[in-house]
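Observations on the model geometry
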Amino acid sequence: MNDTLTLLNRHRSIRHYTDEPLLEEDVRAAVEAGQRAATSSAIEAYCCIRIRSAETRERLVTLTGGQTKVADAPGFFVICGDTRRHRLAAQRAGRAYDSRLEAFLLAVIDATLFAQNMALAFESLGYGFCYIGGLRNRLPEASKVLDLPHGVYPLFGLCVGRPDEDPIERPRFALDDVLFEERYPDDAQVLRALDAHDEDVASYYEKRGDEMPRWTERMIEKFATPIRTHLGSYYRGQGADLT
Ligand SMILES: Cc1cc2nc3c(=O)[nH]c(=O)nc-3n(C[C@H](O)[C@H](O)[C@H](O)COP(=O)(O)O)c2cc1C
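So, here is what we can say about the structure in this document.

Thresholds applied
- Per chain, the residues get numbers from 1 upward, laid out in the order the sequence is written.
- In view of the model being predicted, local features appear only for residues whose pLDDT reaches at least 70, and side-chain atom pairs are presented and counted only at 80 or more, with totals across whole chains, interfaces and linings using the full set of residues.
- Note: side-chain values were computed over all heavy atoms of the structure, leaving out hydrogens and water.
- Paired rings are identified among Phe, Tyr and Trp, the last through its six-membered ring, by centres lying within 6.5 Å, and are further divided according to the angle between planes into stacked (under 30 degrees), edge-to-face (over 60) and tilted (the rest).
- We count a stretch as a helix when DSSP gives it H or I for four or more residues in a row; a strand needs E for two or more, and each element gets its number in order from the N terminus.
- Buried residues are those whose accessible area, probed at 1.4 Å on protein chains only, stays under 20% of the maximum for their type, while exposed residues exceed 50% and partly exposed ones sit between those limits.
- At least two bridges found by DSSP between two strands are what make those strands a pair.

**Observations regarding the packing of aromatic side chains**
Across all of its chains, the model carries twelve aromatic pairs by this definition. Relative to Phe-122, the ring of Phe-77 lies with its centre 5.9 Å away and its plane at 40°, an arrangement referred to as tilted. Taken together, the positions of Phe-77 in strand β2 (residues 75-82) and Phe-122 in helix α6 (residues 101-124) put the pair 45 residues apart, joining distant regions of the chain. Taken individually, Phe-77 and Phe-122 each receive the classification buried, so the pair is uniform in this respect.

Structure representation (structure tokens):
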């Protein structure tokens, strides 16, 4: 173990924060670390919007399914894929911008790598964080609240603050059920991995004193019906050609 590995392995999402504000120098250091993430062909197709307005935060609480941490966290950022810069460069040069699904994926991948570097930098500075995928619950409305221009794709939020809780670590699949040698395993091996993970997750919830259905049951439920079906038309409306 070195300090980096210790930090990475210590991660837990933090959902309760003290009132201590983020230090401006820490915000800038974390965003700068985010920017050091690798970026596909150096396109830097991302940005993050820091939301300080209490009124905007309250509206986002409602739009994220009542996640009060969006208002309570000392820091809240909206992580976006950003193709606007490329579009404006093309427009200024009188050239067409003809972006397809690949460009959308590049923006999503770039923004996610940026966000994770930024989040880990915050952790290294003693903060805790929680991503907010709930931002996509009612994305067209959230996008209006945020006044996002064409070409900018909001993906998820990021709450940041000094931890006011100390949760136990959530289990992950066993390493060898994620790291495969040469080829993807057969279905029987994958199913054995699911059983093992069900056991690990069950003991995690037992330790927390919570009753929960098995992990596989929750995944079956989660993926049995379509959710957030507005996303395709929303992102297309923002300029993403998903073909
Ligand atoms: C893209 C993304 C979106 C997430 N959205 C939410 C969210 O809306 N609300 C929440 O409480 N946690 C959210 N999480 C946190 C996950 O629930 C958490 O990472 C997962 O349960 C594993 O727990 P851990 O981060 O403590 O290891 C999100 C995580 C990711 C990566």
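There is more to say, and it comes next.
**What to know about the pairing of strand β4 (residues 152-161)**
Across the ten residues of β4, ten count as buried, placing the element largely inside the fold. The pairing of β2 with β4 spans eight bridges and is antiparallel. Residue pairing in the sheet places Asp-82 in a bridge with Val-152 of β4. Note that strand β3 (residues 128-132) and β4 share five bridges and pair antiparallel. Each bridged residue has a counterpart across the sheet, and for Ile-132 the counterpart in β4 is Gly-157.

**Thoughts on unusual backbone geometry**
At Ala-42, a position not held by glycine, the phi torsion is positive, near 55°. Structurally, the position occupied by Ala-42 is in the loop between α2 (24-35) and β1 (46-50). Judged by its relative accessible area of 55%, Ala-42 falls in the exposed class. The phi torsion at Arg-228 lies on the positive side, around 45°, for a residue other than glycine. One can find Arg-228 in the loop between α9 (215-222) and α10 (231-237).

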